[in-house]
Amino acid sequence: MKKSKVDLLIGAQWGDEGKGKVVDMMGADVDVFVRYQGGANAGHTVIVNGQKVVFHLLPSGMLYPGKLCIIGNGLVLDPEQFLAENAGLHERGQDRARLVVSPHAHVVMPYHKILDRAQEAARGKGRQIGTTGRGIGPCYVDKYARNGLRVEDLLDPDLLREKLVPLMEEKNQLLTRLYNEKPIPFDEVYEPAREWGKALAPYVDDVVRLLRAAVDAGRHILLEGAQAVLLDVDHGTYPYVTSSSTIAAGAFTGTGLAPCDLTRVIAVVKAYTTRVGEGPMPTEERGEIGELLRRRGGEFGATTGRSRRCGWLDMMGLKYSMELNGVDVLALTKLDVLSGMDRIRICSGYEYDGRRLDRFPTSSRVLEEVVPVYETLPGWKEDISGCTSFESLPDAAQNFVRFIEAQLDVPVKLIGVGPDRAQTIDRGL
Ligand code: IMP
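What counts, and where the lines are drawn
In this numbering scheme, every chain counts its residues from 1 along its sequence in written order. Under the rules for a predicted model, residues below a pLDDT of 70 receive no local features and side-chain atom pairs below 80 are neither given nor counted, while totals for whole chains, interfaces and linings still include all residues. Neither water nor hydrogens contribute to the side-chain values; these are computed over all heavy atoms in the structure. By this definition, two strands are paired if DSSP reports at least two bridges between them. Helical segments are the DSSP runs of H or I of at least four residues, strand segments are the runs of E of at least two, and each set is numbered from the N terminus. A fitted line through C-alpha atoms represents every axis, and for helices the fit uses only the stretch in contact; the resulting angles, taken between N-to-C directions, go from 0 to 180 degrees. Only buried residues count toward a nonpolar core. Its members are Ala, Val, Leu, Ile, Met, Phe, Trp, Tyr and Cys residues joined through side-chain atoms within 4.5 Å. Each residue is placed in one exposure class: buried if its accessible area under a 1.4 Å probe, protein chains only, is under 20% of its type's maximum, exposed if it is over 50%, and partly exposed if it falls in between. Note that the domain bounds reflect an automated or database-derived domain assignment. Two residues form a contact once any of their heavy atoms are found within 4.5 Å. Counted as salt bridges are all cases of a side-chain nitrogen of Lys or Arg within 4 Å of a carboxyl oxygen of Asp or Glu. Residues are counted as near a molecule or strand when any one of their heavy atoms sits within 4 Å of it. N or O atoms closer than or at 3.5 Å make up a polar contact, with two conditions inside protein: a donor-capable atom paired with an acceptor-capable one, and, for residues adjacent in sequence, both atoms drawn from side chains. Polar here means any residue outside two lists: the nonpolar Ala, Val, Leu, Ile, Met, Phe, Trp, Tyr, Cys and Pro, and the charged Asp, Glu, Lys and Arg; Gly therefore counts as polar. For this classification, under 35 degrees means roughly parallel, over 145 means roughly antiparallel, 65 to 115 means roughly perpendicular, and everything else is oblique. Left-handed describes a crossing in which the near helix is turned anticlockwise from the far one by less than a right angle; the clockwise case is right-handed. This count recognises Lys and Arg as positive and Asp and Glu as negative, with His and chain-terminal groups excluded.

Caption draft 1: Structural detail: the sheet that holds strand E1 (residues 5-11). Strand order in the open sheet formed by nine strands is E7-E5-E2-E9-E1-E10-E14-E18-E19, with mixed pairing between adjacent strands. Two strands lie at the open edges of the sheet, namely strand E7 (98-101) and strand E19 (424-426), each paired on one side alone. The sheet shows a mean angle of 20° between the axes of neighbouring strands, direction not considered. Pairing geometry for E1 and strand E10 (residues 264-270), over five bridges, is parallel. Paired with Leu 8 across the two strands is Val 265, which belongs to E10.

See the structure below:
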């Protein structure tokens, strides 16, 4: 029997590491692409033949003819976004994969999005999380409170009505009494939801069975994480996190695959750090360097258009990330963005209260106050965007890569030197 290969791809920092490109880069060899957590808060940008496609909800493998693309139970599905993204691909003749949705995926309802924004506003300045406003938090709240609607509930109009009546009564109380919002008329939610059910029905199937069959048939499965480790609801910089399990462990609850199915964990690391939204970010550069990284790296959110906070690479966060995920290999992205700098800084430690910390602190409050300790490496002036092998990179760029490998004790198997699929150095990923 052919042995399956199950790769899990996660972002190692605060998101926007360029996971979409790595997934797409690996795509030709993959049979099944799976998204298993998060929702339309993600923005995975894929550039093929100069054409840019941004996926928020659909797996990045959608551009590959004949592949199986799966939305697992752990993802929260916004039906409007799902249908719009799918229709967009269809219109452009790019819906080439077979798409399947788990009946157990929870549905992001219109009231979740309104609540997300209302709750953010109510938190007030200083307490805001800076959410994407896509209803992610409120939808996961309902899931765990056992008040959620799952994709399967949309498929039966009578059941949907039965479940939605009390839910909407509760949401309208919340909206009107607590947040001073207008109540939402029942039919404004129910009627579209029925239509979503009809439109979604052809995609719904037993994902656990399909994945088990894929493993048994020796297929190559790619589990495509969204957001990133430091935004994990348990292990990230709480409360400045997203509401799902972004670490490797989330892939099992989010799909029904078993830990022993996993072959490799691939972590995507950007050559510097970015963060969108609020929360501690020790290496943030608020001046010229931050601006330079933002401009050169095009660091503006694919989902919200917000400008990303930028700063140097942070080994403390990355070491923590390696521990939490048992990372086997690294994909280093956007190395070209650092070209032209005289010196490159890498944070290799934190100081807090006059002491050197030997680990990423458990408390977000402490993380807010740490002072990064930097090592300085020589930069390189050359344009590396045309480099196709590790050896063709300037010495200083090679050293930068080796420095990361040595610090994290994980090999860098892929290096991104430009946005296009072709601008990638593959060291045997
Ligand atoms: P939420 O996921 O919309 O609830 O937002 C919670 C936090 O996660 C905010 O700081 C967002 O900016 C951040 N976030 C959510 N999705 C992404 C992403 O795909 N990339 C980067 N940050 C994200």
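Caption draft 2: Here's a closer look at the nonpolar core. By size, the foremost hydrophobic cluster in this structure holds 75 residues, and its most contacted members are Leu 330, Leu 335, Leu 393 and Phe 400. The element best represented in this core is helix H13 (residues 395-408), accounting for seven residues. Here this core spans two domains, and each of domain 1 (5-105 + 204-265) and domain 3 (269-426) adds at least three residues to it. Residues in contact with Leu 335, not counting those within four places in the same chain, are Ala 271, Trp 380, Ile 384, Leu 393, Ala 397, Phe 400, Val 401, Ile 415 and Gly 416. Within the second largest apolar cluster, 52 residues are counted, among which are Met 26, Phe 82, Leu 164 and Leu 175.

Caption draft 3: Geometry of unusual backbone geometry. Looking along the chain, the bond that leaves Tyr 238 and enters Pro 239 is cis, with omega of 5°. Along the chain, Pro 239 turns up in the loop between strand E9 (220-224) and helix H9 (250-253). Its identity as a non-glycine residue notwithstanding, Asn 180 has a phi of 55°, on the positive side. Among the structural elements, Asn 180 can be located in the loop between helix H6 (157-178) and helix H7 (186-200). Its identity as a non-glycine residue notwithstanding, Gln 227 has a phi of 55°, on the positive side. Here Gln 227 is to be found in the loop between E9 and H9.

Caption draft 4: Layout of the pattern of salt bridges. Going through the model one piece at a time under the given rule, you end up with 25 salt bridges. Put simply, Glu 299 and Lys 334 hold a salt bridge, and the shortest N to O gap is 2.9 Å. In this pair, Glu 299 sits in the loop between helix H10 (288-297) and strand E12 (309-311) while Lys 334 sits in the loop between strand E14 (329-333) and strand E15 (343-352), placing the two residues 35 residues apart along the sequence. Residue Glu 299 is classed as buried on the basis of its relative accessible area of 0%. For Lys 334, a relative accessible area of 23% puts it in the partly exposed group. Across the pair Arg 359 and Glu 323 runs a salt bridge, and its minimum N-O distance is 2.9 Å. Of this pair, Arg 359 sits in the loop between strand E16 (355-357) and helix H12 (364-369) while Glu 323 sits in helix H11 (residues 315-325), and the two are 36 residues apart along the sequence. Each member of the salt-bridge network shares a partner with another, and the members are Asp 16, Lys 270, Glu 299, Arg 308 and Lys 334.

Caption draft 5: Examining the site of the ligand more closely. Close to the ligand lie 15 residues; Asn 41, Thr 132, Thr 242, Val 276 and Arg 306 are nearest. A distance of 2.9 Å separates an oxygen atom of the ligand from a polar atom in the side chain of Asn 41. Between the ligand and Gly 130, the relevant distance is 3.4 Å, taken from an oxygen atom to a main-chain nitrogen or oxygen of the residue. The class makeup of the residues in the shell around the ligand is six nonpolar, seven polar and two charged.

Caption draft 6: Inspection of helix H1 (residues 19-26) at higher detail. Burial within H1 is extensive, with seven of its eight residues counted as buried. Those residues of H1 that sit buried are Lys 19, Gly 20, Lys 21, Val 22, Val 23, Asp 24 and Met 26.

Caption draft 7: Summary view of the packing of helix H3 (residues 110-123) against H6. Viewed as axis vectors pointing N to C, H3 and H6 meet at an angle of 20°, and their least axial separation amounts to 11 Å. Classified by the interaxial angle, the pair formed by H3 and H6 is roughly parallel. Of the two elements, H3 crosses H6, and the hand of that crossing is left-handed. From H3, Tyr 111, Ile 114 and Leu 115 reach across to H6, where they touch Leu 164, Leu 167, Met 168, Lys 171, Leu 174 and Leu 175. Taken together, the residues of the contact of H3 with H6 break down into eight nonpolar, no polar and one charged.

Caption draft 8: Summary view of the packing of H6 against H7. The interhelical angle for the contact between H6 and H7, taken along N-to-C directions, is 150°, at an axis separation of 11 Å. Our classification of the angle between H6 and H7 gives roughly antiparallel. Where H6 crosses over H7, the two elements pack in a sense that is right-handed. Residues Pro 157, Leu 160, Arg 161, Leu 164, Val 165 and Met 168 of H6 form the contact with H7, whose participating residues are Phe 186, Val 189, Tyr 190, Ala 193 and Arg 194.

Caption draft 9: Molecular detail of the side chain of Glu 224. Mapped onto the elements of the fold, Glu 224 is located in strand E9. Buried charge without a salt bridge: Glu 224, with Arg 35 as the nearest opposite-charge side chain at an N-O distance of 5.5 Å. Within the structure, the side chain of Glu 224 is placed 2.6 Å from the side chain of Ser 60, a separation counted as a polar contact. In contact with Glu 224, other than residues within four places in its own chain, are Leu 9, Val 23, Val 34, Arg 35, Tyr 36, His 44, Pro 59 and Ser 60.

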